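Chain by chain, the residues run as shown.
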Amino acid sequence: VDSYDVTVEEDIGDIQLIKIEKRKYWYQDDWYLKCITVKTPMGDYLEFPCYRWITDEKEIVLRDG
């Protein structure tokens, strides 16, 4: 299980959806994406569920769940 923190310094407004892009680096580098959780500056959490394997180079769009 991996977890990554990304910090954004500027105000990006209300988050309606998230796009995530996977690039293939090795022959079998498939990964399972459970969800993306965003913590807002006010301390609220937004969860964007996915629950699927990502196997190809593609862009995935997740809506707030």
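Rules used in this analysis
Residues numbered from 1 in each chain as written. Predicted model: local features only at pLDDT ≥ 70, side-chain atom pairs only at ≥ 80, totals over all residues. Heavy atoms only, no water. Patch = residues over 30% accessible without salt bridge, like charges linked within 9 Å, V, L, I, M, F, W, Y side chains within 5 Å. Areas by Shrake-Rupley, 256 points an atom, 1.4 Å probe, with all protein chains shown as cover. Salt bridge = Lys/Arg side-chain N within 4 Å of Asp/Glu carboxyl O. Lys, Arg positive; Asp, Glu negative; His and termini not counted. Charge placed at Lys NZ, Arg CZ, Asp CG, Glu CD. Helix = DSSP H or I, 4+ residues; strand = E, 2+ residues; numbered from the N terminus. Buried < 20%, exposed > 50% of the residue type's maximum accessible area, 1.4 Å probe, protein only. pLDDT = per-residue confidence, 0-100. Contact = heavy atoms within 4.5 Å. Disulfide = S-S within 2.5 Å.

### A few points about a negative patch on the surface
On the surface, Glu-9, Glu-10, Asp-11 and Asp-14 cluster together into a negatively charged patch. As for its position among the elements, Asp-14 is in the segment before strand E1 (17–22). Classification of Asp-14 by relative accessible area gives exposed; the value is 71%.

### What about the confidence of the model for the protein chain?
Low-pLDDT stretches of the model should not have their predicted coordinates read in fine detail. The pLDDT averaged across the protein chain works out to 83; a share of 98% of its residues lies at or above 70. Between the elements of the protein chain, mean pLDDT differs from a low of 86, seen in strand E4 (residues 58–63), to a high of 89, seen in strand E3 (residues 45–54).

### As for the side chain of Lys-22
In this structure, Lys-22 sits in strand E1. Take Lys-22: its relative accessible area is 3%, and that puts it in the buried class. When residues no more than four places from it in sequence are discounted, the contact partners of Lys-22 are Asp-29, Asp-30, Trp-31, Ile-54, Thr-55, Asp-56, Glu-57 and Lys-58.

### Some details on the state of the cysteines
For the structure on display, the rule yields 0 disulfides. Counting only cysteine sulfurs, Cys-50 is the nearest neighbor of Cys-35, a cysteine outside any disulfide, at a range of 9.1 Å. Classification of Cys-35 by relative accessible area gives partly exposed; the value is 24%.

### Quick look at the environment of Trp-26
Within the secondary structure, Trp-26 is located in the loop between E1 and strand E2 (31–39). Sequence spacing of Trp-26 and Asp-56 is 30 residues, and the spatial spacing of their C-alpha atoms is 11 Å.

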